[in-house]
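Each chain is listed here by its residues.
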Amino acid sequence: MAELKTHTFDAVIVGAGGAGLMAALYASKSANVAVISKLYPTRSHTGAAQGGVGAALGNAEEDKWEWHAYDTVKGSDYLADQDAVDVMCKDAIDTIIELEHMGLPFDRFPSGKISQRRFGGHTNNETGKPVQRACHAADRTGHMILQTLYQQCIKHDVNFFDEYHVVDLIRVDDTVRGIVAIEIATGDYHIFHAKAVLFATGGWGRCWEVTSNAHSLTGDGTAVCLRRGVPLEDMEFFQFHPTGIFRLGILITEGVRGEGGVLINNEGERFMERYAPSIKDLASRDVVSRAIYLEIQAGRGINGKNYVHLDVRPETVNYYLEQAGESRRIDREYIESKLPDIADFTRTYLGVDPVSEPMPIQPTAHYAMGGIPTDVDGRVRANEADGIVQGLYAAGEAACVSVHGANRLGTNSLLDLVVFGKRSGMHMAAYCQKAELLPLPENPAAEVMAEFERIRNGSGGIKSTDLRTRMQKSMTKNVGVFRTAELIQEAVNDLKELREQYDRNIQIDDKGKRFNTDLLEAWELGCLLELAEVTAVSALARTESRGGHAREDFPKRDDVNWLKHTFCYREADGQYRLAYRPVTLGRYEPKERVY
Amino acid sequence: MQVHIRIRRFNPETDNKPRWGEYTVNDVNPTDSVLDVLHRVKWEQDGTLTLRRSCAHGVCGSDAMRINGANMLACKTLVSRIAKPGSDQAKIQVEPILGLRVIKDLVVDMDPFFDHYRSVLPYFVNDNVPADGREFRQSPEDRARFDDTTKCILCAACTTSCPSFWANEKYVGPAAIVQAHRFIFDSRDQAAEERLKVVGDSFGVWRCRTNFNCTNACPREIEVTKAIAEVKGVLARGKI
């Protein structure tokens, strides 16, 4: 039997990306906090975010947080909760300044202020024109946020447990008692007994074949919550970013289009002019991804293949700037200084120099709008009414506040991390001040340890990689940019069979204890399979098209029946049950969405 | 194409000493990365093969390893870069980075590396925020002064390619100096003096023999040797 160690803290934060680290900084001010990550914190996928973080600083031109809020609500296809959006867009300004005060090396305008650029869906609400709202550090803004927050955590002596893999939540009725983790290097089990637990474990783009997401983005925290009775909100809304590198899915930031880059089909046409006459290539991501897909379907992919071009060559950009009557012009040096990583990626992986050639791109599975349901302080909802699981928190991509609704605007994910990471951390610290440390139940690790032993000793001859590949293919084909009842049903059937195979026949090679990634990857696959199922089940029920959920059989948005959040529960028998919660509206009445 | 890959293997539970594992992988695309090939070995042939990886596109810093004798990120090294032009075969040799204890296969103990990182006060120091409550002002020129060293992803490719680090693990190493540089040359920061004390001591920058291994190894193309030289310059001149 593996060894079992117990630690006691006020609070445990699971995941050390932007949300987890921001929460850690705040919670650690008054509480004894452990930050647990299956990676070294600086490996977290926040570091892959590129183009910028949105805040109406108004450093370049007039801007207001209310405009940012409206753009976010419109981008969400009116599914975001407007009270939460207000909190995020208003808090954005102070939070970005705070990051700068932590040393974050933003790019600068000649005035010495933080440089801002255009991004999809962000507008001046009076003119309808794109506004410069994305604060950025070249095209590695996420990297700089992650590094800066980690640096500050070191400065403030935050307790880290690096390369500990959290595999279960200890929940008793509507309270939490801690988590169970595996120390990867030794294979030992650890119990972290705590008053409060925060999950900031990121997304699950690895459910799909072509994704911008890291291999480690397997939705562990979200799946663990689901297994422990927490419903998952709006899981049918998963964002396909329009511009992933062809075949590889590596993200090419929307900042490329913010700087003037355009999408071009096989006929040399800037096709977004037809789909979004007003802001064209800077329409919301769902709109652009669908446009690319439709161009490819109509045979206008490059050389008839399933990709189009993203063109940021100075001559192209300057041509369209001139057409638009703008005086700005760009050159090679500008691209090298504003988009250095993008240039490096396409040169490395495609042998394409974006200064002299257009880049082949296709939509790539990118971001989970849905997740663990929370209020604006990160407190996890116990149900579709107003119930709360005491001491349980979630923040970042793992969570659904909901500020992104049916489609997230670019720059709002980094903003979500820092704003709600901070709010969760503060609330959790206050909670720990007054809450008692409740006792652990008997053998709190027994169930998950038994599951690991089942996987370790399985002899059914089915490899993780086979199940994972089949899941990814089915999700890509059936629960992708466009969906129908027939396709989604196929995914539901596939996933049910895959889960049965997983439960009965999974077999791994590595039977050892130490650094057993074969075992942990197999367990992660179990998380992905469940999240894929929840996604498909939620998508099948929603008979309308809204934001990232585009049903060919129900092409219109249906506010009469569907202006509501999905809550999906996993029942004891493994079946899924759906319930719904009304959207919180506010200043902005739902209306048709035109870009 | 066909790839023959030779991997340095060590399982602490079954091996007394490291050994070589040899594998053949077919139908590899020249544009596949070494990480893709390692994944094919792990997923299709031998699940016990152990390595760290996450983002798979060169930004998380998990998969620095020694590939055909030089430190690189496996995910950023394409098979086409290794194969002879025109050949439909490639030979790849992969070992863990040097100078850190091997935990299992390609996984090394990163703690000494991060201890050096922590020793240089790798965080911003300045509590005198502007009276208007807004951002510190910094000119684009001042910002450009330390741009290169903000790119570091702490992959350890530089430090573990450095002969001075191999010779003495107490040497703070290029990666930690890069971090110190990032703050020393930031016009907003106020703790340069303390950092210079750390990198100026006997296990600091003077151990650097400028052989450029670090610069060549950096997957982010940071001019590491130049950054170290700039820090040496500050120490020699006594001002930034």
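Note that the structure is a prediction, hence the values are computed from the model and not measured.

Draft legend 1. Main features of the overall build of chain A. Helix and strand counts for chain A stand at 17 helices and 22 strands. The C-alpha atoms of chain A give a radius of gyration of 23 Å, which matches the 25 Å a tight globule of 595 residues would have. With the C-alpha coordinates of chain A rotated into their principal frame, the extents come out at 70 × 50 × 50 Å. Summed over its atoms, the accessible surface of chain A is roughly 18,700 Å², and 47% of this surface lies on carbon and sulfur atoms.

Draft legend 2. The domain arrangement of chain B, seen in detail. Residues and elements named next belong to chain B. Splitting chain B by domain gives domain 1 (2–107) and domain 2 (110–237). Of note, the centres of domain 1 and domain 2, computed from C-alpha atoms alone, are 29 Å apart. Contact residues are listed per partner, giving 14 residues for domain 1 and 15 residues for domain 2. When the buried area of domain 1 at its contact with domain 2 is split by residue, N71, L98 and L100 rank highest and sum to 41% of it. Here domain 1 is connected to domain 2 by zero salt bridges. Our enumeration of links across domain 1 and domain 2 arrives at three residue pairs in polar contact (both at pLDDT 80 or more). Elements supplying a minimum of two residues to the side of domain 1 that touches domain 2: β3 (64–67) and β4 (70–73). Each residue belonging to the side of domain 1 that touches domain 2 can be placed in one class, and the counts come to seven nonpolar, four polar and three charged.

Draft legend 3. Structural context of the packing of aromatic side chains. The final tally for this structure, using the stated rule, is 23 aromatic pairs over all chains. Here the aromatic rings of Y40 of chain A and F114 of chain B are separated by 4.8 Å at their centres, their planes lie at 15°, and the arrangement is stacked. With Y40 of chain A in the loop between β2 (33–37) and β3 (53–54) and F114 of chain B in helix α3 (residues 111–119), the pair connects residues from two separate chains. The exposure class assigned to Y40 of chain A is buried, which follows from its relative accessible area of 6%. What makes F114 of chain B buried here is its relative accessible area of 5%. An angle of 80° between the planes, with centres 4.9 Å apart, marks the rings of Y319 of chain A and Y320 of chain A as edge-to-face. With relative accessibility at 17%, the residue Y320 of chain A sits in the buried group. One aromatic cluster is present, built from ring pairs that chain together Y40, Y150 and F160 of chain A together with F113, F114 and Y117 of chain B.

Draft legend 4. Quick look at the confidence of the model for chain B. For chain B, the average pLDDT comes to 97, and 100% of its residues sit at 70 or higher. Our summary of model confidence lists the complex with pTM equal to 0.97 and ipTM equal to 0.98.

Draft legend 5. Quick peek at the sheet that holds strand β10 (residues 232–233) of chain A. Residue and element names in this part refer to chain A. Spatial strand order, β10-β21-β22: three strands in an open sheet with antiparallel pairing. Each edge of the open sheet is held by one strand with a lone partner, namely β10 and β22 (576–582). Pairing geometry for strand β21 (residues 564–570) and β22, over seven bridges, is antiparallel. Looking across to β22, one finds that R570 is bridged to Y576. Each of β10, β21 and β22 touches helix α5 (residues 220–227); the most contacted strand, β21, lies at about 70° to it. Where helix α16 (residues 517–541) meets the sheet, it contacts β10, β21 and β22, and its direction lies at approximately 60° from that of β22.

Draft legend 6. Broad picture of the packing of helix α1 (residues 18–27) of chain A against helix α4 (residues 141–155) of chain A. Residue and element names in this part refer to chain A. In the contact formed by α1 and α4, the axes pass within 9 Å of each other and the chain directions differ by 30°. It follows that α1 is roughly parallel to α4 by the angle criterion. For α1 against α4, the interelement crossing comes out left-handed. Touching G18, L21, M22, A24 and L25 of α1 are L146, L149, Y150, Q152 and C153, all from α4. For the contact of α1 with α4, the residue count by class is eight nonpolar, two polar and no charged.

Draft legend 7. Structural view of the interface of chain B and chain A. Counting from both sides, the interface comprises 70 residues of chain B and, opposite them, 61 residues of chain A. Between chain B and chain A, roughly 5,400 Å² of surface is buried when both sides are summed, and carbon and sulfur atoms account for 48% of that area. Looking at the side of chain B facing chain A, the largest losses of area belong to W43, H57 and E135 of chain B, adding up to 12% of the total buried there. The interface formed by chain B and chain A includes eight salt bridges. Of the charged contacts in the structure, one is a salt bridge between E100 of chain A and R188 of chain B, with a shortest N-O distance of 2.8 Å. One can count 40 residue pairs in polar contact (both at pLDDT 80 or more) joining chain B with chain A. Among the elements of the structure, α1 (34–45), β6 (102–104), α3, α4 (140–144) and α6 (173–184) of chain B are those that each provide at least two residues to the side of chain B that touches chain A. Among the elements that take part in the side of chain B that touches chain A, α1 of chain B stands out by supplying six residues, more than any other.

About the thresholds
- Residues numbered from 1 in each chain as written.
- Chains lettered and ligands numbered in written order.
- Predicted model: local features only at pLDDT ≥ 70, side-chain atom pairs only at ≥ 80, totals over all residues.
- Heavy atoms only, no water.
- Helix = DSSP H or I, 4+ residues; strand = E, 2+ residues; numbered from the N terminus.
- Rg over C-alpha atoms; globule rule 2.2 N^0.38 Å.
- Areas by Shrake-Rupley, 256 points an atom, 1.4 Å probe, with all protein chains shown as cover.
- Domains from an automatic or database assignment.
- Contact = heavy atoms within 4.5 Å.
- Buried area = accessible area lost by both parts, 1.4 Å probe.
- Salt bridge = Lys/Arg side-chain N within 4 Å of Asp/Glu carboxyl O.
- Polar contact = N/O pair within 3.5 Å; in protein donor to acceptor, adjacent residues only side chain to side chain.
- Nonpolar A, V, L, I, M, F, W, Y, C, P; charged D, E, K, R; others polar.
- Phe/Tyr/Trp six-rings, centres within 6.5 Å; stacked < 30°, edge-to-face > 60°.
- Buried < 20%, exposed > 50% of the residue type's maximum accessible area, 1.4 Å probe, protein only.
- pLDDT = per-residue confidence, 0-100.
- Pairing = 2+ DSSP bridges.
- Axes fitted to C-alpha atoms, helices over the stretch in contact; angles between N-to-C directions.
- Parallel < 35°, antiparallel > 145°, perpendicular 65-115°, else oblique.
- Left-handed = near helix turned anticlockwise from the far one by under 90°.

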